[in-house]
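Notes for the structure review
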Amino acid sequence: MSLALTIEARDAYTDGHCQRLASFAVAVGYALGLPPADIEALRRGGVLHDIGKVGVPDGVLLKPGRLTPTEFDAMKQHTMIGDRLCAPLRSLKRVRPIIRHHHERLDGSGYPDGLVGDAIPQLAQIMSVVDVFDALTTNRPYRAAMTLDDACRELESEVDRGWRRADLVDVFIALRREHRADASPDTAPKAVR
Ligand SMILES: [Fe+2]
Ligand SMILES: [Fe+2]
């Protein structure tokens with residue numbers, strides 16, 4: 001877990017990303033009524049999903065501009081490197097499919113294995129949705145953070161393109177909207193002195 005946070009710390013733009021992913025993914029898991037072992041896998045998976053980036057060269061990982069096809073191939077390796085890194089740890093057995101498959105898409109256009117539909121483990125599909133959302137709603141070197149509404153529209157368009165499961169996206173969007181409603185000043189709990 002510490003190693004994962006160290007990797008995240010190398011890139012200022014991803015600050016807090018792993019912890020947010022863990023809490024978003026766990027919230028979706030609870031909303032779906034998943035068993036405790038799956039919830040725990042989502043929590044660890046959020047922190048560890050990009051652990052394989054330790055094996056991606058800095059020139060690719062920290063490159064501000066667009067990646068060339070060769071560089072993108074090197075970047076894709078992080079899924080398999082992470083899976084391999086965690087292979088010796090029995091405690092991460094349920095987390096490894098999340099690490100390996102968090103960039104797959106339902107139509108088979110994702111990586112590293114090009115899995116189609118339900119062949120993609122459900123926990124990895126959840127991680128994938130929350131990962132995309134978090135990337136969209138944080139500042140990146142090449143663009144500013146999107147608003148919640150724009151990010152939700154983008155996720156819905158990925159459902160229309162056949163990349164994500166509609167039910168998972170709907171559950172997550174509902175949670176984010178609820179969160180926003182809770183955070184608005186009218187409904188915020190009064191400070192207790
Ligand atoms: Fe990743
Ligand atoms: Fe990520």
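All values derive from a computational prediction rather than experimental measurement.

Cut-off values and rules
Residues numbered from 1 in each chain as written. Chains lettered and ligands numbered in written order. Predicted model: local features only at pLDDT ≥ 70, side-chain atom pairs only at ≥ 80, totals over all residues. pLDDT = per-residue confidence, 0-100. Helix = DSSP H or I, 4+ residues; strand = E, 2+ residues; numbered from the N terminus. Axes fitted to C-alpha atoms, helices over the stretch in contact; angles between N-to-C directions. Parallel < 35°, antiparallel > 145°, perpendicular 65-115°, else oblique. Left-handed = near helix turned anticlockwise from the far one by under 90°. Contact = placed C-beta atoms within 7 Å. Nonpolar A, V, L, I, M, F, W, Y, C, P; charged D, E, K, R; others polar.

This part is about the confidence of the model for the protein chain. Close inspection of predicted coordinates is inappropriate for parts of the model with low pLDDT. Confidence in the prediction of the protein chain, expressed as mean pLDDT, is 91, and 93% of residues score 70 or more. Within the protein chain, the element-level pLDDT minimum falls on helix α1 (residues 2-9), averaging 77, and the maximum on helix α6 (residues 96-101), averaging 98.

Next up on the list: the packing of helix α3 (residues 36-48) against helix α7 (residues 122-136). It is the contact of α3 with α7, at a shortest axis distance of 11 Å, that shows an interaxial angle of 45°. Regarding the angle of α3 to α7, the classification is oblique. Read as a crossing pair, α3 and α7 show a hand that is right-handed. On α7, the residues that touch D38, A41, L42, G45 and G46 of α3 are L123, I126 and M127. Of the residues assigned to the contact of α3 with α7, the class counts are 5 nonpolar, 2 polar and 1 charged.

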